[in-house]
Amino acid sequence: MNEQNLLARRKAALGPTYQNFYDEPLHLVRGAGTSLWDVNDRQYIDCYNNVVSVGHCHPRVVEALCKQAATLNTHTRYLHAGIIELGEMLVERLPGDIDTCIFTCTGSEANDLATQIARHVTGNQGMVVTEASYHGVSELTRRLSTDSYPPQDRPDWLAVIEPPNLYRGPYHRDDTQAGKKYLELARQELDNLEQRGHKPAAVMIDLVWDSNGPLVAPDEYVLGLCEEVRKRGGIVIADEVQSGYCRSGKDWWTCNVYGFKPDILTCGKPMGAGHPLALMATTREIADDYSQTYHYFNTFGGNPVSAAVGKAVIEVIEDEGLLQNAASTGAYLESGLRELAENHACIGDVQGRGLFWGLDMVTDPATRKPMSEAQMRHLGSLIVEQGVITGTSGRYGQVLKLRPPLPFSRSDADVTLNAIDVALTRLAR
Ligand SMILES: Cc1ncc(COP(=O)(O)O)c(C=O)c1O
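From a predicted model like this one, the values you see are computed outputs, not experimental measurements.

Conventions and cut-offs
- Residues numbered from 1 in each chain as written.
- Predicted model: local features only at pLDDT ≥ 70, side-chain atom pairs only at ≥ 80, totals over all residues.
- Heavy atoms only, no water.
- Buried < 20%, exposed > 50% of the residue type's maximum accessible area, 1.4 Å probe, protein only.
- Helix = DSSP H or I, 4+ residues; strand = E, 2+ residues; numbered from the N terminus.
- Pairing = 2+ DSSP bridges.
- 1 Å grid on protein atoms, 1.4 Å probe; cavity = no way out; pocket = protein on both sides within 12 Å on 5 of 7 lines; lining within 4 Å.
- Points joined across faces, edges and corners; volume = space filled by probe spheres on them.
- Nonpolar A, V, L, I, M, F, W, Y, C, P; charged D, E, K, R; others polar.
- Domains from an automatic or database assignment.
- Polar contact = N/O pair within 3.5 Å; in protein donor to acceptor, adjacent residues only side chain to side chain.
- Contact = heavy atoms within 4.5 Å.
- Buried area = accessible area lost by both parts, 1.4 Å probe.
- Salt bridge = Lys/Arg side-chain N within 4 Å of Asp/Glu carboxyl O.
- Axes fitted to C-alpha atoms, helices over the stretch in contact; angles between N-to-C directions.

A. Spotlight on the pairing of strand β9 (residues 264-267). Of the two faces of β9, both are covered, the one formed by Ile 264 and Thr 266 as well as the one formed by Leu 265 and Cys 267. Pairing between strand β8 (residues 235-239) and β9: 3 bridges, direction parallel. The partner of Asp 239 across the bridge, within β9, is Thr 266. Of the pairings in the sheet, the one linking β9 to strand β10 (residues 278-282) comprises 4 bridges and is antiparallel in character. Bridging from a neighbouring strand, Leu 265 pairs with Ala 281 of β10.

Okay, here's the thing in structure tokens:
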């Protein structure tokens, strides 16, 4: 089964939207922990896949899945202890006043439902997102994903605000007023929204601004934005699909790191460690208000197998101290990345938290001109040649994205840092 043959078959049978990350397609056949193996049994360190939050094919998660799949799999219209236990475990860990869970299969569905609920409870239609945001693939969440379609197609109910990028945006880290200034830009867009006849139903914030970075925003900006939207009649949706589940190394949820209480929190990717399980969680009051008018049933969301997986993931995170690992290995990785940035002028900026880091790659440090997509693809390919899997993100596709499974170790970090070092040296030649 060679790669060319598989590629040709994929092209014939599947849609053209399927793409490969690297110059040469990677043909992976097995995974364990933070490692992946290709068809030739070559091992790679995975420094990219956050979905497998507790590591690839974690034995406890696999066992929970198999056991439940061999026992019963139905849906949420029958009583089943597993789904209730998962809900209780989440409620114990969810932030602020959030105490009510509704399960979906994907982050898109969770954000779609969150938006519908926000519109219902506020009576407003406007939505606030950042430039180059990503929140999903349904018709509604696609509109909230400004990185996914041309600006001229934006609906008039959408306010698009500047991402708080302290390296690449208009205000930088050395400006002590940067937070206030980004907030002022947001206020202007909220005014524009109101002039177009829409009050905000909600701001939806990806608390790591993944498609822009990752970014670390000034606290006062995030808190100020929530306050401003609430003042104008809207609510706050924390999209923690990327930033939740201990990724920051500081807390289960990044809204707690910034110190605000969202009205709705959504999550997905890391919850099922590869199994499709996602969440829209809110306060009892909001959930009751919505359910007086609307029914919500998701055929697969929260089925007994998903619930068994979801519970196992939470147990593994806590039993294996993965929040602490995200903090300590994250700090170790950060210092290595900062050292690399001193030796390679093409690393314009190092930004992130815990086990989520981005290197903003530039062709000219003085002008901060971003590396092209082709250069980034080549860089990723050179890193893969060294046995490490990374990804890209950023408004211009210029950010080398490092977002490994949570059990990522110091020795994984060493291999990764060395691979990036070698790749950048080769790229410079
Ligand atoms: C911040 C954010 N929200 C929502 C989504 C959508 O999640 P899903 O792909 O599970 O529909 C994503 C997916 O990448 C995401 O990064």
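Structure shown, so let's carry the discussion forward.
B. View of the sheet that holds strand β3 (residues 43-46). Pairing is mixed across the open sheet formed by 4 strands, whose spatial order is β1-β2-β3-β14. Where the open sheet ends on each side, the last strands, each with one partner, are β1 (28-32) and β14 (388-389). Pairing analysis gives 2 bridges linking β3 to β14, with the strands arranged parallel. Paired with Ile 45 across the bridge in β14 is Val 388.

C. Spotlight on empty space enclosed by the protein. According to the stated counting rule, one finds 3 cavities of 30 Å³ or more in the structure shown. Roughly 80 Å³ of volume is contained in the largest cavity. Lining the largest cavity, in full, are Leu 207, Val 208, Leu 215, Val 216, Gln 242, Ser 243, Arg 247, Ser 248, Thr 254, Gly 352, Arg 353 and Phe 356. Partitioned by chemical class, the residues of the lining of the largest cavity number 5 nonpolar, 5 polar and 2 charged. Residue contributions to the lining of the largest cavity reach at least three from each of two domains, namely domain 1 (3-54 + 321-428) and domain 2 (61-319).

D. Focus on the side chain of Asp 210. Along the chain, Asp 210 falls in the loop between β7 (200-206) and α7 (219-231). Taking the relative accessible area as the measure of exposure, Asp 210 reaches 9% and is therefore buried. A polar contact is formed between the side chain of Asp 210 and the side chain of Gln 242, at a distance of 3.1 Å. Of note is the side chain of Asp 210, whose polar atom sits 2.8 Å from the side chain of Lys 401.

E. Examining the environment of Ala 307 more closely. Mapped onto the secondary structure, Ala 307 falls in helix α10 (residues 304-319). With relative accessibility at 0%, the residue Ala 307 sits in the buried group. Remark: the alpha-carbon pair of Ala 307 and Ile 84, spanning 223 residues in sequence, is separated by 8.5 Å. Setting aside its immediate chain neighbours within four residues, Ala 307 contacts Gly 82, Ile 83 and Leu 86.

F. Expanded view of the domain arrangement of the chain. Annotation of the chain at the domain level lists domain 1 (3-54 + 321-428) and domain 2 (61-319). Between domain 1 and domain 2 the total buried area reaches about 3100 Å² when both faces are included, carbon and sulfur atoms providing 52% of it. At the junction of domain 1 with domain 2, the criterion picks out 4 salt bridges. Residue Arg 168 is joined to Asp 360 by a salt bridge in which the shortest nitrogen-to-oxygen separation is 2.7 Å. Here domain 1 is connected to domain 2 by 20 residue pairs in polar contact (both at pLDDT 80 or more). Residue assignment for the side of domain 1 that touches domain 2 shows that the elements contributing at least two residues are α11 (322-343), β11 (347-353), β12 (356-364), β13 (369-370) and β16 (399-402). Ranked by the residues each element gives to the side of domain 1 that touches domain 2, the list is headed by β12, at 6 residues. Partitioning the side of domain 1 that touches domain 2 into residue classes produces 18 nonpolar, 11 polar and 8 charged.

G. Structural context of the sheet that holds strand β4 (residues 100-104). As summarised here, the arrangement of the 7 strands in space is β4-β10-β9-β8-β7-β5-β6, forming an open sheet in which the pairing is mixed. In this open sheet, the two strands that pair with only one neighbour each are β4 and β6 (158-161). The mean inter-strand angle of the sheet, taken between neighbouring strand axes irrespective of direction, is 20°. In this sheet, β10 lies alongside β4 in antiparallel orientation, the contact comprising 5 bridges. Each bridged residue has a counterpart across the sheet, and for Phe 103 the counterpart in β10 is Leu 279. Contacts between helix α4 (residues 107-122) and the sheet are confined to β4, β5 (126-130), β7, β8, β9 and β10, with β8 contributing the most and set at about 175° to the helix.

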